[in-house]
Amino acid sequence: MRDTLVLNASFEPLSTVSLNRAVVLVLQDKAVVEQAHPELRMRGAEVDIPAPRVIRLCRYVRVPFRRQAPWSRRGVLVRDRHRCAYCGRRATTVDHVVPRAQGGQDSWLNTVASCAEDNHRKAARTPEQAGMPLLRRPFEPTPADAMLLALGTEDFEALPQWLVQPAA
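About the criteria used
Residues numbered from 1 in each chain as written. Predicted model: local features only at pLDDT ≥ 70, side-chain atom pairs only at ≥ 80, totals over all residues. Heavy atoms only, no water. Buried < 20%, exposed > 50% of the residue type's maximum accessible area, 1.4 Å probe, protein only. Helix = DSSP H or I, 4+ residues; strand = E, 2+ residues; numbered from the N terminus. Pairing = 2+ DSSP bridges. Axes fitted to C-alpha atoms, helices over the stretch in contact; angles between N-to-C directions. Contact = heavy atoms within 4.5 Å. Arc of directions from axis to C-beta. Disulfide = S-S within 2.5 Å.

Novice: Please clarify how unusual backbone geometry should be interpreted in this entry.
Specialist: Residues apart from glycine generally show negative phi values, whereas peptide bonds are mostly found in trans. Phi is positive for D29, which is not a glycine, with a value near 60 degrees. D29 sits in the exposed class, given a relative accessible area of 62%.

Next comes the structure, spelled out in structure tokens:
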């Protein structure tokens, strides 16, 4: 299922919605298409529109200020693009830099994506104790960064350059 990025009227990322929901918002004149998928079209009896990749709401929606993106295992894997922080291969698990056995918490700065083999080899030790240096340091994404990263690599790279800002 393809996700569509929803921008506020001020061009700030708000959320992602399903392709069907995005089409409904456009057809109800609640949103306009800012970018469409190049080869996908949505067709109906009286409708033929390009499938939206990015839509912008016509009216501004006030959103409560959110300082940080909520932590989740899926979020860590998406942030690290499913690449192991120790070897660079495909990651399927999340590893704690400071293990929970040593008081480590579930947080953006203490967790990295890891392949099962490296996660098992590191066990309940820090990377220094295990002799396994990190290829890249964990960082805390902003809520907007987390939303953009959740779109996936192919959709993320196809977004307009003015929307994509390099992550820390």
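Novice: Sorry if this is basic, but what is going on with the pairing of strand β1 (residues 3-7) here?
Specialist: As a general feature of sheets, a regular strand has side chains that alternate between the two faces. In terms of burial, β1 is a largely internal element, 4 of the 5 residues being buried. In the sheet, β1 pairs with strand β2 (residues 13-18) via 5 bridges, with the strands oriented antiparallel. The partner of D3 across the bridge, within β2, is S18. From the end of β1 to the start of β2, which pair antiparallel, there are 5 residues, and F11 there has a positive phi angle of about 70 degrees. Examined bridge by bridge, β1 and strand β4 (residues 48-57) share 3 bridges and lie parallel to one another.

Novice: In this structure, what is going on with the sheet that holds β1? I would like to understand it.
Specialist: Across a sheet, paired strands are connected by hydrogen bonds in the backbone, their directions being either parallel or antiparallel. Pairing is mixed across the open sheet formed by 4 strands, whose spatial order is β2-β1-β4-β3. At either end of the open sheet lies a strand with only one pairing partner, and these are β2 and β3 (31-43). Strand-to-strand twist of the sheet, defined as the mean angle between neighbouring strand axes without regard to direction, takes the value 35 degrees. Packed onto the sheet, helix α1 (residues 19-27) meets β1, β2, β3 and β4 and runs at close to 85 degrees relative to β4.

Novice: Explain α1 to me, please; I cannot follow it from the model alone.
Specialist: Because an α-helix packs 3.6 residues into every turn, residues spaced three or four apart end up facing the same way. When we look at burial in α1, the residues that qualify are L19, A22, V23, L25 and V26. The buried residues of α1 all sit within an arc of 160 degrees when viewed along its axis, so they share a single face. Looking at the buried residues of α1, the elements they touch are β1, β2, β3 and β4. Looking one or two residues beyond α1, the residue adopting positive phi is D29, at roughly 60 degrees.

Novice: In this structure, what is going on with the state of the cysteines? I would like to understand it.
Specialist: Such a bond, covalent and formed between the sulfur atoms of two cysteines, is termed a disulfide. In total, this model carries 0 disulfides according to the counting rule given. The closest cysteine sulfur to the non-disulfide-bonded C87 is located on C84, 3.7 Å from its own sulfur. Since its relative accessible area comes to 33%, C87 is described here as partly exposed.

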